[in-house]
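Structural overview
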Amino acid sequence: TLVINNSDNVGIGTDTPDTLLQATNTADGTDYISYQIGNSAVNANNKGGFALYELNNLRASIEYYRDGSGRFQIAAQGAGNPITFATVPSGGSLTERMRIDSSGNVGIGTGADIYGDLHLEGGQQDIVLTNTSADGVAGLTISRIIGQARGFGNNGAAMQSIDFETNPSFWYKGDIVFKTNNSDGTDPSVAATERMRIDSSGFTTITHSGAGASLTL
C-alpha cells in the first residue's frame, strides 16, 4: 500500500509515515529497498546510489560504480567536510567514534582534533595484530611495519621493516626483527635484510655482513 499524507510524507506498508519516505514491513522475513543499474555499459559514468543535497548543492553520497572495479563509495561531497562514525553505548547517548577528515587523516576517539595520518585517543590505546596462521608455528612472521619511498604501485617492496615473529625455537615466544634494504628497496623481488633482532628473552643480536664496525657507541 502506498500512502501520501497531508504533510506530503510517503508511506509504503504504513498509513502513518513519520518521515518524507517510510517503508514498513510487518511480516516476518527479509526486505530491501533496492536500486537496479539497468545500463549494461561498463564505464566510470555508469553508477547509482543515494545522494544528499543542501540548497541544491551535493553534500554526501553513497554510490556503486559499474566501471569494472566493483567500487562502492561513501563520500562527503562538501569541501572540507569529514565523514564520521558514531555509536550509542549502553545507557549513553550518540557518541562519535571515528572520523575521516577532508585530508584523509583518520582519528579514532579524537573528534575533530586529528594529528597525523592515524590518531588514536582516549585511555590506553592498543593496536592488536593477530595472525592465526602463526598458531603453533615457530619462526613465522606475525605482522610487519614496512617503509616505502614510492607512492605508486604499492607493490610490496620494503626499504625497511620491523617484523614481529614467533621465536625460531618456541612458537609461543615472540621476537622483534629490524630489517633494512641496502640493494634496491623499490624492487619487491629484493627482500630487506635482518640487521638486528631482540629475542623473547631480551637478548639483542646485531648482524652486519660488510666491512667496518657493526656497532658504534
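None of these values were measured; they are calculated from a predicted model. (Residues numbered from 1 in each chain as written. Predicted model: local features only at pLDDT ≥ 70, side-chain atom pairs only at ≥ 80, totals over all residues. Heavy atoms only, no water.)

Helix and strand counts for the protein come out as zero helices and 15 strands. The C-alpha atoms of the protein give a radius of gyration of 26 Å, which is well past the 17 Å a tight globule of 217 residues would have. Seen along its three principal axes, the alpha-carbon backbone of the protein occupies a region of about 85 × 45 × 35 Å. Intrachain contacts of the protein at a sequence separation of at least 6 include 16% that bridge at least 24 residues. (Helix = DSSP H or I, 4+ residues; strand = E, 2+ residues; numbered from the N terminus. Rg over C-alpha atoms; globule rule 2.2 N^0.38 Å. Contact = heavy atoms within 4.5 Å.)

With that out of the way, let us pick up the pattern of salt bridges. Applying the stated criterion to the full structure yields eight salt bridges. Salt-bridge contacts for Glu96 lead to Arg99; the nearest nitrogen and oxygen are separated by 2.8 Å. In this structure Glu96 comes out as partly exposed when scored by relative accessible area, which is 30%. Of the residues examined, Arg99 reaches a relative accessible area of 15% and is grouped as buried. Across the salt bridge formed by Asp163 and Arg144, the nearest N and O atoms sit 3.2 Å from each other. With a gap of 19 residues between them, Asp163 in strand S12 (residues 160-166) and Arg144 in strand S11 (residues 141-147) connect regions that are remote in the sequence. Since its relative accessible area comes to 0%, Asp163 is described here as buried. Look at the salt bridges and you will find they share partners, linking Glu165, Asp175, Glu194 and Arg197 into a network. (Salt bridge = Lys/Arg side-chain N within 4 Å of Asp/Glu carboxyl O. Buried < 20%, exposed > 50% of the residue type's maximum accessible area, 1.4 Å probe, protein only.)

The subject of this paragraph is the environment of Ile176. For Ile176, the position within the fold is in strand S13 (residues 174-180). Judged by relative accessible area, which is 30%, Ile176 ranks as partly exposed. In sequence terms Ile176 and Phe164 are twelve residues apart; their C-alpha atoms lie 4.9 Å from each other. Among all residues touching Ile176, those that are not within four sequence positions of it are Ile162, Asp163, Phe164, Met196, Arg197 and Ile198.

Another point: the packing of aromatic side chains. Summed over the entire model, instances satisfying the criterion amount to two aromatic pairs. With a centroid separation of 5.9 Å and 55 degrees between ring planes, the pair formed by Phe170 and Tyr172 is classed as tilted. Each ring, one from Trp171 and one from Tyr172, has its centre 6.0 Å from the other, and the planes form 85 degrees; the classification is edge-to-face. Site record: aromatic cluster; members linked through ring pairs are Phe170, Trp171 and Tyr172. For Arg71, the ring lying beneath its charged end belongs to Tyr65, and the centroid distance is 3.7 Å. If you follow Lys173 out to its NZ or CZ, it ends over the ring of Phe170, 4.5 Å from the centre. (Phe/Tyr/Trp six-rings, centres within 6.5 Å; stacked < 30°, edge-to-face > 60°. Lys NZ or Arg CZ within 6 Å of the ring centre and 35° of its normal.)

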